[in-house]
Number of protein chains: 2
Amino acid sequence: MTTHPYSELETRFSRINALSEAGGMLNWDMATLMPSGGAAARSEQLAAISVTCHQMMTDPKMAELFEGAHAEADRLTGWQAANLREMRRQWLHATAVPERLVEQISRATNRCELAWREARPASDFQQVKPYLQEVLDLTREAGQAKAQALDLSVYDALLDQFEPGFSSRRIDEIFGRLARWLPEVLPRVLERQRAQRPPERPEGPFPQAKQEQLGRRLMQAVGFDFDHGRLDVSLHPFCGGVPDDLRITTRYDESDFTSAIMGVLHETGHALYERGLPADWRRQPVGEARGMALHESQSLLVEMQACRSAEFSQFMAPIAQEAFGGGGAAWDPHNLYRLATQVEPDFIRVDADEVTYPAHVILRYRLETALIAGDMSLDDLPAAWNEGMQQLLGITPPEDRLGCLQDIHWFDGAFGYFPTYTLGALAAAQLFEAATTAHPEIPEQLRRGDFTPLLAWLRTNVHGLGSALDTDTILERATGAKLDETVFQRHIQRRYLDG
Amino acid sequence: MTTHPYSELETRFSRINALSEAGGMLNWDMATLMPSGGAAARSEQLAAISVTCHQMMTDPKMAELFEGAHAEADRLTGWQAANLREMRRQWLHATAVPERLVEQISRATNRCELAWREARPASDFQQVKPYLQEVLDLTREAGQAKAQALDLSVYDALLDQFEPGFSSRRIDEIFGRLARWLPEVLPRVLERQRAQRPPERPEGPFPQAKQEQLGRRLMQAVGFDFDHGRLDVSLHPFCGGVPDDLRITTRYDESDFTSAIMGVLHETGHALYERGLPADWRRQPVGEARGMALHESQSLLVEMQACRSAEFSQFMAPIAQEAFGGGGAAWDPHNLYRLATQVEPDFIRVDADEVTYPAHVILRYRLETALIAGDMSLDDLPAAWNEGMQQLLGITPPEDRLGCLQDIHWFDGAFGYFPTYTLGALAAAQLFEAATTAHPEIPEQLRRGDFTPLLAWLRTNVHGLGSALDTDTILERATGAKLDETVFQRHIQRRYLDG
């Protein structure tokens, strides 16, 4: 028996997380600059890291160490106790699923993702259905194993991988109210927009190098530190790396600079969260981001709440105009603000505005809970998808490419992830309102491109807490309320109906 | 007991090497594009990889597996048997040194390297001496442990880490003859050069982007495949990555394009060796490059033998002239060839031409064997260095910055490495002569920038053999002779005295 089981656990998790950080950096490299011929070798490297981490996590000695650490619980500080709780949660997730099933899932999702890459452009759901069935069956099996280990329902056990401590009961309530509110508010927003002259699009081309320069300038304004990170190009934008070395990526469209710039600002929100995590707890579970909902709240707070505001448009408009040498009414701050807040029901989630976005997520949540519960068969998925779109947004996808084939998530085995997008949007509204209530000067500061006080508030109230508390407690302490939709609804009302 | 101990060993080495490849990629990232603030996290990632690999290598079950594998030796193919031999060699190196000593060496070399980074610009050997003493003492201790495990002398055990199977007895003979030949040939080379009009230097500036473009063009001519590699910038040029994803770096001087271009061609030689290693044996010891002497032979064959030739100058001159838009006598191929083969005794090894380079290496070899044997104290190192330079090249460094403080190797714990530079130069001459004897059209092909037949010969006779044979056997099969200096001497005679 080790004399200090808790600190032995810290040592082991530190090693596991250092290895997994190495894997993260290699994933970034693969997405940004690896030559195509490096793919096979890279898979071997990533597999070796992942198998090694899994073996360290499932080492039989771990159970003994957890037992010992719980026996010394009264000697632990608050942070240590929280770390022990999070270590245990990660360990339960890792050990709940037998190695055989982990491997089966890995192989099945690889096969399914490949099939999906062919089926999507062909808009052929039947082609990928058997692969998705295999992934669904195995995911359900893993979910059952995790449910037993964590004493949760199957769906909640899957959700817990992405948003620890949250439940489908909470989501049902919140999404239920959102689903009733949306068909009431959306037509009014659309009607109001149609009554106005449409905003003008600045005319390109917008050279990639200039967009990148502008992106960097805005990232710095928001608070990104280039001594601790980089901006590069990838097919799908993401924020990778580690808290002290954050790797943001974007993609450029020379006919429209706003998509890259808003993407960069979104990823900067993710990066600021990671950067602000408690430095004393690097590579420990309690030092990690709390969950995907809070993570998304930080990207949406920066992008949607702060940077798509009328105030930020006033800061950005002259800088963007100077960067691209444009002129005329299209570059007017109010015009750019109206462009950044256009609402239009569309088939594709990733292109959706903040008003219609929740509908996309609610639809996926309904479908994935039914699939996991076995209440719906994959045969019925395409039709159920299209009916849901009609009911929630009043549009029906003409083909599955624009319907149930659009997102990689399920085909990659990620069930329980979708809700965090909208939970994040709600939390973003709550946090931004609380920050501006505490510091009423924030909107005026955004007009000058000064994010310092907003960032300081987020550092204290969100980032610096890591995983010491659960999402609801973090929100309650910061805003006075648990996660709910009322502030988000108020924000939509203000921006799209009153403003 | 495992039923197939040999294949269990293959599985384990494959995992160890995949992890160590991951570490290699992270080292490349650190040297090329990591932001400064990422250093501490990166150290943790690299340390976790290295500790994990070391633990896997020293797992007590390994001894049992080797025993079992030797028992089934008669059922192994030739390549498997060679792989087993190389696995065992690596395992003996890893297990010979106790964990405590590995850690002490790692810490001591870190400290010493930091001290050296301050002492070198200050030209203050006394400042770094105590740190170097610690590194030397620990290296000697590790060398003794390895000597016992490998049944070699202490210096040969250190040499075996870089050039397996070679011995100081062989080096003494070869370097002894070179040291007698050099003072005889160098004055004649210098005299002949002084009798000619000095070559003209093309006038810059040479913009970095143009140099890079030219570098890529020449890399492709030599045979580098950009689907399996990249060219980037770092402070110290190197060839990193893995055989299917090779990462070459260089640095640019806008007042002189030849240093970057020749550097790129040198690293391309290293890359071609890695790329040509037997694909069926990826991540297995027998699939690795044979040793540092053969590795250096491949970079020097490309740079010194092929690309600093009169023939290649004829290919490169018009391309370079076009790239930089230059004109006049300086861009004449013969002038560029004379520039690429200028000889001048100098204090700094890395700037040395191919005629004086062996003197630098012989000096370091004499000094490091004396230090390891305990025949010389560090107090006497600076004076011994300067005397050696005077004796071998007729110049005395005015300060230690240009003398015994110039190279990082010893301060980083690398004793036994230096000889491989010159062994590589000798092997390069042997291999190039053998290739051109087998294919007399090679020089004419180089004139057209066609490396295909030369590369094919190297693939068959060197690259594709991996570590299946030892260096001497590879050379003997390819050239008819073991490693020796006669062909190198003939090459110097032809290029610098007869040509």
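Treat the numbers as computed from the prediction; the structure is a model and nothing was measured. (Residues numbered from 1 in each chain as written. Chains lettered and ligands numbered in written order. Predicted model: local features only at pLDDT ≥ 70, side-chain atom pairs only at ≥ 80, totals over all residues. Heavy atoms only, no water.)

**A short note on the sheet that holds strand S3 (residues 245–250) of chain A**
All names here are of chain A. The cut-off we apply is this: For two strands to be treated as a pair, DSSP must find at least two bridges joining them. By definition, any uninterrupted DSSP run of H or I lasting at least four residues is a helix, any uninterrupted run of E lasting at least two residues is a strand, and each is numbered from the N terminus. Every axis in this analysis is a line fitted to C-alpha atoms, fitted for helices over the stretch in contact. Angles between the N-to-C directions lie between 0 and 180 degrees.
Reading across the sheet, the three strands line up as S1-S3-S2 and stay open at both edges, with mixed pairing between neighbours. For this open sheet the edge positions go to strand S1 (229–233) and strand S2 (239–242), each flanked by a neighbour on one side alone. Looking at each pair of strands side by side, their axes are set apart by 20° on average, direction ignored. As defined by bridge partners, S1 adjoins S3 across five bridges and the pair is classed as parallel. What sits directly across from Val 233, in S3, is Thr 250.

**Some words on the interface of chain A and chain B**
Worth spelling out the cut-off: Residue contacts are defined here by distance: any two heavy atoms, one from each residue, within 4.5 Å place the two residues in contact. Summed over both partners, buried area is the accessible surface (1.4 Å probe) that two parts give up on being assembled. Salt bridge criterion: a side-chain nitrogen from Lys or Arg within 4 Å of a carboxyl oxygen from Asp or Glu. Any pair of N or O atoms that falls within 3.5 Å is considered a polar contact. Within protein, one atom must be able to donate a hydrogen and the other to accept it, and sequence-neighbouring residues count only if both atoms are side-chain atoms. By the convention adopted, Pro, Cys, Tyr, Trp, Phe, Met, Ile, Leu, Val and Ala count as nonpolar, Lys, Arg, Asp and Glu as charged, and the other residues, Gly among them, as polar.
Each side of the interface is counted separately: chain A has 34 residues, and chain B has 34 residues. Here chain A meets chain B over a buried area of about 2700 Å², counting both sides, of which 59% is carbon and sulfur. Put simply, chain A and chain B have four salt bridges between them. A salt bridge links A:Arg42 to B:Asp245; the shortest N-O distance between them is 3.6 Å. For the pair chain A and chain B, the number of links is 13 residue pairs in polar contact (both at pLDDT 80 or more). Those elements giving two or more residues to the side of chain A that touches chain B turn out to be helix H1 (5–32), helix H2 (39–57), S1 and S3 of chain A. Tallied by class, residues from the side of chain A that touches chain B come to 15 nonpolar, eight polar and eleven charged.

**So, the sheet that holds strand S2 (residues 239–242) of chain B**
All names here are of chain B. Read from one edge to the other, the open sheet built from three strands follows the order S1-S3-S2, with strand pairing classed as mixed. Of all the strands in the sheet, just strand S1 (229–233) and S2 have a single pairing partner and so form its edges. Strand-to-strand twist across the sheet, computed as the mean angle between neighbouring axes with direction ignored, equals 20°. The sheet strands contacting helix H10 (residues 257–276) are S1, S2 and strand S3 (245–250), and the helix crosses S3 at an angle near 160°.

**Things to note about the relation of the copies chain A and chain B**
Filter applied, for reference: The copies were overlaid with a least-squares fit restricted to C-alpha atoms from residues scoring a pLDDT of at least 70 in each copy.
In screw terms, the move from chain A to chain B is a rotation of 180° and a rise of 0.0 Å along the axis, fitting with an RMSD of 0.0 Å. In the structure described here, the two chain copies are related by an operation that fits a two-fold rotation axis. Looking at the interface residues of chain A, 100% of them are also at the interface in chain B, so both copies use one shared face.

**Comments concerning the nonpolar core**
Note the following rule: The criterion is simple. A nonpolar core is a set of buried Ala, Val, Leu, Ile, Met, Phe, Trp, Tyr and Cys residues joined through side-chain atoms within 4.5 Å. Each residue gets one of three labels from its accessible area relative to the maximum for its type: buried under 20%, exposed over 50%, partly exposed in between, using a 1.4 Å probe on protein chains only.
Residues A:Leu381, A:Leu454 and B:Leu381 are the most contacted members of the largest nonpolar core, which totals 311 residues. By size, the runner-up hydrophobic cluster in this structure holds ten residues, among which are A:Met219, A:Leu246, A:Tyr252 and A:Ala271.

**Focus: the side chain of B:Arg338**
Residues and elements named next belong to chain B. As a reminder, the rule being used: Charge counting follows a simple rule: Lys and Arg are positive, Asp and Glu are negative, and His as well as the terminal groups are ignored.
Note that Arg 338 resides in helix H13 (residues 333–340). Buried and unpaired, Arg 338 has Asp 332 as its nearest opposite-charge partner, separated by 8.0 Å. Excluding its chain neighbours within four sequence positions, the residues that come into contact with Arg 338 are Gln 196, Arg 197, Pro 198 and Pro 199.

**Examining the pattern of salt bridges**
Going through the model one piece at a time under the given rule, you end up with 69 salt bridges over all chains. For A:Asp407, the salt bridge goes to A:Arg349, with nearest N and O atoms at 2.8 Å. Remark: A:Arg349 occurs in the loop between helix H13 (333–340) and helix H14 (357–373) and A:Asp407 occurs in the loop between helix H15 (381–393) and helix H16 (419–438); sequence separation between them is 58 residues. Accessibility classification places A:Asp407 together with A:Arg349 in one group, the buried group. With its nearest N and O atoms 2.8 Å apart, the salt bridge here joins B:Arg12 to B:Glu8. On the criterion of helical spacing, the pair formed by B:Arg12 and B:Glu8 is a turn pair, its members being four residues apart in helix H1 (residues 5–32). You can call B:Glu8 partly exposed: its relative accessible area is 24%.

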